[in-house]
Amino acid sequence: MWRFALAAAVALAVCWAVVQPARAGVLIPASASAGPVPAFSGTGLNGSYYAVPNGFNTLRTMADADGVIAANSPTATFRATRLYYQPGLGDGSETIGDILGADAATLDPPSVANTRDSSVWRFDGYIAITPDLDIDRATPEIDVEFAIGSDDASRLRIGGVEVLLVAGPDPNDQRGVFSANDFRATASFEAAGLYPVEIVWWDWYGGIYLRWYSSIPGSPDADTPAGLAGIVPTGSLYPSLPLAAVPEPASVGLLAAGAAGLIGRRLRRRAG
Ligand SMILES: [Ca+2]
Ligand SMILES: [Ca+2]
């Protein structure tokens, strides 16, 4: 009986492997870490919006979007707490406020919420990777799966490594509407840590949306692709390296000893 059960399990596993779409995987080296994961939760990423007047004629590729970012200051900035920007109208009449939802409250300048052009967006900061997030305990790396859906194209980099390119196949025209079900990748981290993260996204014209999912638990479901946990949780994202990093106990002792020594020298100098 157990032999039959084993054979059935193997057959099921083989079928599962066959029907699952191929998913790219990338290795994120330990050297890409910017530091240890802090004890406190993150508050999101830095968001930058670049209005592109006449983008109807000029925006076609990720390289075009990178060019806009390199040549301009952002039209407005904001704190990106939830990278699920789904205004729902889909007819090109959305304002920046419609697109950003609650995050529009942090727009600087706020007046930009009332209008929009073709656009380029950049999100940057850090993502916390801890051993408990590993979705494949059979391998030593911390494996975390990501997915993005966007209108038009987008790109996810972690630790400087391209994890996802969500774009059409023509290198000269990458426009399109892309489902998160079709753009998934597993990032395999060599070590726990806080890793630089960047998403660049652009909209040529008309409908617009961005949805960023992962296997990291802690956020509500929102049209989440099967097998993923939800939108990337705000608490896993940090806009900057922690300024008030808590020193290790050993270095606290060293600091205290150093301060005591300094005070001692000052006292001795005064006395002298
Ligand atoms: Ca693993
Ligand atoms: Ca569009």
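Every chain is numbered on its own, with residues counted from 1 as its sequence reads. Labels are handed out in written order, letters beginning with A for the chains and numbers beginning with 1 for the ligands. Reporting in this predicted model follows two pLDDT cut-offs: at least 70 for local features of residues, and 80 or more for side-chain atom pairs to be given and counted; totals over whole chains, interfaces and linings ignore these cut-offs and use all residues. Side-chain measures were taken over the full set of non-hydrogen atoms in the model, leaving aside hydrogen atoms and water.

**Comments concerning the coordination of the calcium ion (ligand 2)**
Distances define the donors: N, O and S atoms within 2.8 Å of the metal qualify, as do those within 3.2 Å of Na, K or Ca. Water is excluded, so some sites may look unfinished. Protein-derived ligands of the calcium ion (ligand 2) are Asp 151 (OD), Asp 152 (OD), Asp 203 (OD), Tyr 205 (O) and Gly 207 (O), with the metal-ligand distances lying across 2.3 to 2.6 Å. Along the chain, the residues donating to the calcium ion (ligand 2) are arranged with the sequence spacing D-D-x50-D-x1-Y-x1-G. Of this pair, Asp 151 sits in strand S6 (residues 142-151) while Tyr 205 sits in the loop between strand S11 (193-203) and strand S12 (209-214), and the two are 54 residues apart along the sequence. Secondary structure elements follow DSSP: runs of H or I no shorter than four residues count as helices, runs of E no shorter than two count as strands, and numbering proceeds from the N terminus.

**Some words on the coordination of the calcium ion (ligand 1)**
Coordination of the calcium ion (ligand 1) by the protein comes from Asp 134 (OD), Asp 134 (OD), Asp 136 (O), Thr 139 (O), Thr 139 (OG1), Glu 141 (O) and Asp 143 (OD), over a distance range of 2.2 to 2.6 Å. Coordination of the calcium ion (ligand 1) draws on donor residues from a single chain, spaced D-x1-D-x2-T-x1-E-x1-D in sequence. The classification of residues rests on relative accessible area computed with a 1.4 Å probe and restricted to protein chains. Under 20% of the type maximum is buried, over 50% is exposed, and intermediate values are partly exposed. The class of Asp 143 is buried, set by a relative accessible area of 5%.

**Focus on helix H3 (residues 62-71)**
Taken as a whole, H3 has its buried residues at Met 62, Ala 65, Val 68 and Ile 69. Buried residues of H3, seen end-on, are gathered within an arc of 115° and therefore sit on one face of the element. Looking at H3, the residues exposed on the side facing more than 90 degrees away from the buried face are Ala 63, Ala 70 and Ala 71. The directions from the helix axis to the C-beta atoms are what the arc is built from.

**Section: the pattern of salt bridges**
The rule for a salt bridge is simple: a side-chain nitrogen of Lys or Arg has to be within 4 Å of a carboxyl oxygen of Asp or Glu. Inspection of every chain in the model, using the stated rule, returns 10 salt bridges. Between Glu 198 and Arg 122 there is a salt bridge; the shortest N-O distance is 2.7 Å. Within this pair, whereas Glu 198 is found in strand S11, its partner Arg 122 is found in strand S5 (residues 118-129), the two being separated by 76 residues in sequence. With a shortest N-O distance of 2.8 Å, Glu 145 and Arg 184 are connected by a salt bridge.

**Focus: the environment of Val 197**
On the secondary structure map, Val 197 appears in strand S11. What makes Val 197 buried here is its relative accessible area of 4%. With 152 residues separating them along the chain, Val 197 and Leu 45 place their C-alpha atoms 8.8 Å apart. Should any heavy atoms of two residues lie within 4.5 Å, those residues are counted as being in contact. When sequence neighbours within four positions are dropped, the list of residues in contact with Val 197 reads Leu 45, Phe 123, Asp 124, Gly 125, Tyr 126, Ile 127, Leu 156, Arg 157, Ile 158 and Trp 212.

**Some points on the environment of Leu 228**
Position of Leu 228 among the secondary structure elements: in the loop between S12 and strand S13 (230-231). When near neighbours in sequence (up to four residues on either side) are disregarded, Leu 228 contacts Glu 145, Ala 147, Arg 184, Tyr 213, Ser 214 and Ser 215.

**Considerations on the side chain of Ser 236**
Within the secondary structure, Ser 236 is located in the loop between S13 and strand S14 (237-238). Classification of Ser 236 by relative accessible area gives buried; the value is 12%. If sequence neighbours within four positions are ignored, Ser 236 has contacts with Tyr 126, Ile 127, Ala 128 and Ile 216.

**Observations regarding the packing of aromatic side chains**
Working definition: rings of Phe, Tyr and Trp (its six-membered ring) pair if their centres are within 6.5 Å, and the pair is stacked with planes under 30 degrees apart, edge-to-face with planes over 60 apart, and tilted otherwise. Taken as a whole and judged by the stated rule, the model has 13 aromatic pairs. Taking the centre distance of 5.1 Å and the plane angle of 20° together, the rings of Phe 56 and Trp 204 count as stacked. Here Phe 56, found in helix H2 (residues 55-58), pairs with Trp 204, found in the loop between S11 and S12; they are 148 residues apart in sequence, far enough to count as distant. Each ring, one from Tyr 85 and one from Phe 123, has its centre 6.0 Å from the other, and the planes form 20°; the classification is stacked. Note that Tyr 85 is positioned in strand S4 (residues 84-85) and Phe 123 in strand S5, a separation of 38 residues in sequence. Under the relative-accessibility criterion, Tyr 85 is labelled buried at 1%. Under the relative-accessibility criterion, Phe 123 is labelled buried at 0%.

**Side note on the nonpolar core**
Note on soluble globular proteins: their nonpolar side chains tend to be buried together. If you look at the biggest cluster of nonpolar residues, it comprises 59 residues, and the most contacted ones within it are Phe 123, Ile 127, Phe 146 and Trp 212. The element that contributes the greatest number of residues to this core is S11, accounting for six residues. As used in this record, nonpolar core signifies buried Ala, Val, Leu, Ile, Met, Phe, Trp, Tyr and Cys residues forming a set joined through side-chain atoms within 4.5 Å.

**As for the side chain of Asp 203**
Residue placement: Asp 203 occurs in strand S11. As used in this structure description, the phrase polar contact means that two N or O atoms lie within 3.5 Å; if the pair is within protein, one of them must be able to donate a hydrogen and the other to accept it, and residues adjacent in sequence are counted only when both atoms belong to side chains. A distance of 2.8 Å separates a polar atom in the side chain of Asp 203 from a polar atom in the side chain of Arg 116. Aside from chain neighbours lying at most four places away, what touches Asp 203 is Leu 59, Arg 116, Ser 118, Ser 119, Asp 151, Asp 152 and Ile 208.

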